[in-house]
Amino acid sequence: MKLLVVGGGGREHALAWKLAQSPRVQKVFVAPGNGGTASEPGVQNVAPTETAALIDLCRREQIQLTLVGPEAPLAAGIVDAFRDAGLRIFGPTRAAAQLESSKDFAKSFMVRHGLPTARHRSFDNARDARAYIAAERTPIVVKADGLAAGKGVVVAATREEANAALDAMLVQRRYGAAGGRVVVEEFLEGEEASFIVMCDGTHVLPLATSQDHKRLRDGDQGPNTGGMGAYSPAPIVTPKVHARVMREIIQPAVQGMAQEGHPYVGFLYAGLMIDSAGNPRALEFNCRLGDPETEPILMRLKSDLLELVEHALAGTLERAEAEWDRRCALGVVLAAAGYPDEPRKGDRIQGLPAPAPDCRVFHAGTRLDSGTLVTNGGRVLCVTALGDSLRIARSRAYEAIERIRYDGMQYRRDIGHRALKKSR
Ligand code: AMP
Ligand code: GLY
């Protein structure tokens, strides 16, 4: 059968690569894809990205199933449009995607259903928000309500900083409509982890746990990014924490969405903060797989991803089982010059190692320019390796990176540092 993956990042390269291995898959189209999906066996890039054009493509090519990588098309209602057109697609509807597309919705939902999360208030008026901040402790967190490409969250050390963030969002409208409403919330201490599951509206199949590295520079310094590297599993999510996350966060979320008339079908990503006593709290939900978390997670998935997705679409996920490679996987993101503010494009990439069973380079911002591979976005590549220990996976990934070259390449040297400290 033919499949379509919507998106063009490292997550979508990993999805297309994994799906293409299914014995029942003839071809995976990726819209728009990147320089990596362009040369992946069994995978073909296609140009259109508008929903109507994708629906035409699915009809013309008799594509039987579509998976969506990024949040923007989900929030815009691509799943509703495909369903109306009678096409099979795996992902949440526009209403269900509000768990990510509106922080105000997500926070009130969490409160309604008793999920552990940071205490918060929502505001559309700067004066009331300032008064609230004046009465709260610092640090304090200010979030734009809508999608802001990962830039809408400010962890403010002081009230001045928090007020400046408020002004940027509510008064100067620097995030457009996304900042027309803000959520102000309590700062939570602890360690973050990414907890991603598949949902069929009722049942849940948890994927392997993972941990991202959001800051640009070593030692978790510098500006926030989309994610500079990830590994799986995340040792902070012990079996006990895992059981609590399922019981206290994931199951109430899935039941709550169904009760409210928006059954959640798709990948659901809970961003967790786990405190020193092992109490998990939900920082946020994303209505999709994480990037770069997907790259190490899918390197470890031994099951046929297509079969899992088909169970989710049939409402039979309780019968599905995911088999995981016992090894660890670790992915290091190589970013472009100027990332995250103004990534430069067009730098020639050389020295990519051939794919091996225990090390693969997933492409994100790359493009083939008459046969030459060049940078084409902020996060360029994600070099992902498997190893019997995290240390071995890490050495393997960094060894592969030594051969890769392009002008302005920047990456972190310390991916995996939290887990490695624990194992020492
Ligand atoms: P979000 O997009 O909500 O995940 O926020 C981006 C990042 O801001 C998170 O990955 C955390 O590092 C940080 N963050 C968000 N909310 C909080 C909070 N309540 N307490 C501490 N850190 C937070
Ligand atoms: N890596 C974080 C995210 O995908 O949101």
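All figures in this text were calculated on a predicted structure; none of them were measured in a lab.

Looking at this structure, I do not really get the sheet that holds strand E11 (residues 204-206). What am I missing?
Hydrogen bonding along the main chain pairs the strands of a sheet, whether they run parallel or antiparallel. The 4 strands are arranged E11-E10-E16-E17 in an open sheet whose pairing can be described as antiparallel. Bordering the open sheet on either side are E11 and strand E17 (280-286), each of which pairs with just one other strand. For this sheet, the mean inter-axis angle between neighbouring strands, taken without regard to orientation, is 35°. In terms of strand pairing, strand E10 (residues 191-200) meets strand E16 (residues 265-274) through 10 bridges, oriented antiparallel. When the bridges of E16 are listed, Glu192 appears paired with Met273. Along the sheet, helix H11 (residues 305-314) contacts E10, E11 and E16; its crossing angle with E10, the most-contacted strand, is approximately 65°.

When you look at the packing of aromatic side chains in this model, what are you seeing that I'm missing?
Centre distance and the angle of the planes are the two values used to describe a pair of aromatic rings. Following the criterion strictly, the structure yields 5 aromatic pairs and no others. Measuring from centroid to centroid gives 6.0 Å for Phe105 and Phe109, while their planes differ by 20°, and the two rings are stacked. Pair noted here: Phe105 and Phe109 are both in helix H6 (residues 103-112), with a separation of 4 residues, about one helical turn. On the accessibility criterion, Phe105 (15% relative accessible area) is buried. Over the ring of Phe105 we find Arg112, and its NZ or CZ is 5.9 Å from the ring centre. It is Arg288 that lies over the ring of Tyr269; its NZ or CZ is 6.0 Å from the centre.

What is the right way to read helix H9 (residues 239-259) from this model?
Residues spaced three or four apart along an α-helix face the same direction, because each turn holds 3.6 residues. With 21 residues, H9 should reach 30 Å at 1.5 Å per residue; the first-to-last C-alpha distance of 28 Å fits that figure. The sharpest bend along H9 reaches about 35° and sits at Met246. Three or more residues of H9 are buried, namely Val241, Val245, Met246, Ile249, Ile250, Pro252, Ala253, Val254, Gly256 and Met257. Looking at the buried positions of H9, the neighbouring elements they touch are helix H5 (98-101), H6, E10, E11, E16 and E17. Positive phi shows up at Gly261, right after H9, with a value of about 90°.

Sorry, what's going on with the site of ligand 1 here?
Among the 15 residues in the neighbourhood of ligand 1, the closest are listed as Glu185, Glu186, Leu188, Glu192 and Glu284. Between ligand 1 and Glu185 there is a distance of 2.7 Å, counted from a nitrogen atom to a side-chain nitrogen or oxygen. Out of a free accessible area of 470 Å², ligand 1 has 89% covered by protein chains. The set of elements that each furnish at least two residues to the shell around ligand 1 consists of strand E7 (140-144), strand E8 (153-156), strand E9 (182-186) and E17. Class assignment of the residues belonging to the shell around ligand 1 gives a composition of 8 nonpolar, no polar and 7 charged.

Scoring rules and cut-offs
Residues numbered from 1 in each chain as written. Chains lettered and ligands numbered in written order. Predicted model: local features only at pLDDT ≥ 70, side-chain atom pairs only at ≥ 80, totals over all residues. Heavy atoms only, no water. Pairing = 2+ DSSP bridges. Helix = DSSP H or I, 4+ residues; strand = E, 2+ residues; numbered from the N terminus. Axes fitted to C-alpha atoms, helices over the stretch in contact; angles between N-to-C directions. Contact = heavy atoms within 4.5 Å. Phe/Tyr/Trp six-rings, centres within 6.5 Å; stacked < 30°, edge-to-face > 60°. Buried < 20%, exposed > 50% of the residue type's maximum accessible area, 1.4 Å probe, protein only. Lys NZ or Arg CZ within 6 Å of the ring centre and 35° of its normal. Expected span 1.5 Å × (residues − 1). Bend = angle between axes of the 7 residues up to and from the residue. Near = heavy atom within 4 Å. Polar contact = N/O pair within 3.5 Å; in protein donor to acceptor, adjacent residues only side chain to side chain. Areas by Shrake-Rupley, 256 points an atom, 1.4 Å probe, with all protein chains shown as cover. Nonpolar A, V, L, I, M, F, W, Y, C, P; charged D, E, K, R; others polar.

Note that all results are geometric; they support no functional claim without further evidence.
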